[in-house]
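Read off the chains here:
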Amino acid sequence: MTQVMRKLLLYAAIPAVFACSHDGGAGLNPPPPPPAPTVATVTRAPGPSQLVVQNDILYWLDSSSAPFKRLSLAGGATPVALFQSFSAPENELSDGSYVYWVSGARLFRSTLDGTITTRLDSADSPAPAVMAMDTNNIYWVGAAPSSCSPPCRWSIRRVPKTGGAATTVATTADAVVDFMALAVTGGYVFWEEGGVGPAAADGSVGSKILKVSLAGGTATTVVDGLENGLIPPPSLGFIPASWHPRGGIVADTDSVYFADADFFQSYRVMSVAVSGGPINILLADTTGDMNDFVRSMTSDATTLYWVDLNQVRSMAKTGGAVTNLAGQRTIPPWSVTRVGSNLYWIEAPCCAHGDRGKIYTVPISGGTPVIGQDSLDSPSSIASDAGHVFWLEGGAIGAIEGFASLRSSALSGGNARTLIESAAGGPFAADANAIYWADKWTIKRLPLAGGPPQRIVAGDFYIQDVATDGVNVYWVENGPFSVVRSVPVNGGAITTLGAGPGPAGRIRIDGTYVYWLAHDDEIDRVPKVGGTPIRLVGPIPGLATDFALDANNVYISGWDSGTIWKAPLAGGTLTSLASPGPDQTRRIEADGGKVYWIDQRDVASLTADGHTQVPIYGGVLSDPFSHNGLAFDSHSVFWTEVADDAILKATPK
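Description of the structure in this document. (Residues numbered from 1 in each chain as written. Predicted model: local features only at pLDDT ≥ 70, side-chain atom pairs only at ≥ 80, totals over all residues. Heavy atoms only, no water.)

### Examining a nonpolar patch on the surface
- The grouping of Ile400, Phe461 and Tyr462 at the surface amounts to a nonpolar patch, some 270 Å² of accessible area in total.
- On the secondary structure map, phenylalanine 461 appears in the loop between β37 (454–458) and β38 (463–468).
- Note on phenylalanine 461: relative accessible area 32%, which makes it partly exposed. (Patch = residues over 30% accessible without salt bridge, like charges linked within 9 Å, V, L, I, M, F, W, Y side chains within 5 Å. Areas by Shrake-Rupley, 256 points an atom, 1.4 Å probe, with all protein chains shown as cover. Salt bridge = Lys/Arg side-chain N within 4 Å of Asp/Glu carboxyl O. Helix = DSSP H or I, 4+ residues; strand = E, 2+ residues; numbered from the N terminus. Buried < 20%, exposed > 50% of the residue type's maximum accessible area, 1.4 Å probe, protein only.)

In structure tokens form, the structure reads like this:
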């Protein structure tokens, strides 16, 4: 017997009279309640929570990888997923036909317009997000079983670009601190490991560059933990250290190019034959700055190109003079790529909240840099194909704040678009054109006509709730204070409307004002155009969980009090309408004639004047803290039932 059936049987046992009188008439008996409505299951969904009804469409949030769905209430159609949720992109490559990218322990392939994404491979657990490719395959890294915690053994996986089973090309030994870089050329995969020591006297332990044939076989060492003898043994009594890889590796048919750095004053650019042997120091740069090292490298047939803390530089692969291609950079470059006779690179302060970066381009011969993209949110790595540049925004901070993304543009900088953006479900609202929701610190928009999620704006803290009137989106941030803001539905300038005590709760709007629950015990109000906030109601005895509005009143669901309260919108005192009991009410709604609520046991309604209370659905509901779904249309009231993974309705409402 399902939870729903058990609850319906339990509901049948509820006494027929569940009414109370507030008219003060002595000796008068209240009228009997109307017949109980018919309860039916609308649809099944994993962990459904919030519900919205708009234009005869039911929208909801659930716990699946496609968190928002819609269902036509007129036709009883199959639910439609509005978008697929993705984690933050961590690295990217393109061959001109597709863009390939890594997120966590998954490898994806997306069309160049971002409309179709296919998962190509999955690993057992996340690993460093390094990638390489040849004509037919993508190479990436997954964690392999090891004796270490966290993992310290990595598997290089080869995956056909067209899809198919992954092949393990090589597996590292245990105790690899980090997997730094991959390169594929001349029938071999080369990779760089980080392991600073203590190094073994024979170079077998520490940072390394290794290679393995694409046909399989035993891996061989190209650069060992002592840089093939370049690092001398320490004095007696000292622990031998290894080298610090920086900037990745570049490989051609003859040589591997790489860089190292110490912690204090220098970095080196070096080359070694693909078979190993003596290391050539192409550049030993004394910087005097522990942050000045090679960040990223690329090449063509004859020349190496790289970025460090404050320059874009080049040098012949055979060594010689170093050329500064773009003058002194005041903002650090982070990643560089080459397309034909031009370089493209990212500059950004780093990766904190509100950091902005740019993409520049310059000829490989040097010149005045040209801005290709401006005002990017914490950009990091960059990649390219013959016609596009691709870059990541957000990184770790974007994953926290909800805007980590993979973006692209033409080489000229035009047609910039977001291909993939990390997206998790959150509190949402809908109008006739889109749904709008809070993804951590970020407000996003999803057009109902189709298309990927669009980032509208980022706040300054976690967003607790959202509302919309079709012109603006309003939200409340749950920081030390409850801050209420708005932005046009298509994006634009943020308007800070007001603030109150924290924590923040629900937000509601009418034609003139924005209302929000602050400090769990007061309803605050501010004009939608901005102005002076006021405390409309409060302090509320026993705190509150939610509130709702009609044209005349605000209705409040009590927390510890177990009371449904009412207060005039024009201001005034609280009036108790009903006392459902200590089963905390989680959601409350109002339509001008009735008030509806869902608590730990029941779904019920009450006339707005408090005269007639009607049970809609009775029984012990599952997980009361997940009962955030309550909505209605002109015929029915809808709610979520988490234990049964169901959305139910009662008709008439």
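Don't stop here, the text continues.
### Brief notes about unusual backbone geometry
- In this model, glycine 502 is joined to proline 503 through a cis peptide bond whose omega is 0°.
- Mapped onto the secondary structure, proline 503 falls in the loop between β41 (495–501) and β42 (504–509).
- Cis peptide bonds are those with omega within 30 degrees of zero, and the linkage from glycine 538 to proline 539 qualifies with -5°.
- Within the secondary structure, proline 539 is located in the loop between β45 (534–537) and β46 (544–549).
- Unusually for a residue other than glycine, serine 375 sits at a positive phi of about 55°.
- Looking at the element boundaries, serine 375 is found in strand β29 (residues 370–377).
- At aspartate 645, a residue that is not glycine, the phi angle is positive and equals roughly 50°.
- In this fold, aspartate 645 is placed in the loop between β55 (637–641) and β56 (646–651).

### Digging into the sheet that holds strand β48 (residues 564–568)
- Strand order in the open sheet formed by 4 strands is β46-β47-β48-β49, with antiparallel pairing between adjacent strands. The open sheet has two edge strands with one neighbour each: β46 and β49 (575–578). Here the strands of the sheet are splayed against their neighbours by 30° on average, with no regard to which way each runs.
- Alignment of strand β47 (residues 553–558) against β48, held across 5 bridges, turns out to be antiparallel. Paired with tyrosine 555 across the bridge in β48 is lysine 566. (Pairing = 2+ DSSP bridges. Axes fitted to C-alpha atoms, helices over the stretch in contact; angles between N-to-C directions.)

### Thoughts on the sheet that holds β42
- With antiparallel pairing, 4 strands are arranged side by side in an open sheet as β42-β43-β44-β45. Both outer strands of the open sheet, β42 and β45, are each paired with one neighbouring strand and no more. The sheet shows a mean angle of 30° between the axes of neighbouring strands, direction not considered.
- Pairing of β42 with strand β43 (residues 513–518) involves 4 bridges; the strand directions are antiparallel. Counterpart to isoleucine 509 in the pairing with β43 is valine 514.

### Describing the environment of threonine 41
- In this fold, threonine 41 is placed in strand β1 (residues 38–44).
- Its relative accessible area of 37% is what places threonine 41 among the partly exposed residues.
- Linking threonine 41 and glutamate 193, residues 152 residues apart in sequence, is a C-alpha distance of 55 Å.
- When residues no more than four places from it in sequence are discounted, the contact partners of threonine 41 are Ala646, Ile647 and Leu648. (Contact = heavy atoms within 4.5 Å.)

### As for the state of the cysteines
- One pass over the structure, following the stated rule, counts 1 disulfide.
- Two residues, cysteine 350 and cysteine 351, share a disulfide whose sulfurs are 2.5 Å apart.
- Take cysteine 351: its relative accessible area is 43%, and that puts it in the partly exposed class. (Disulfide = S-S within 2.5 Å.)

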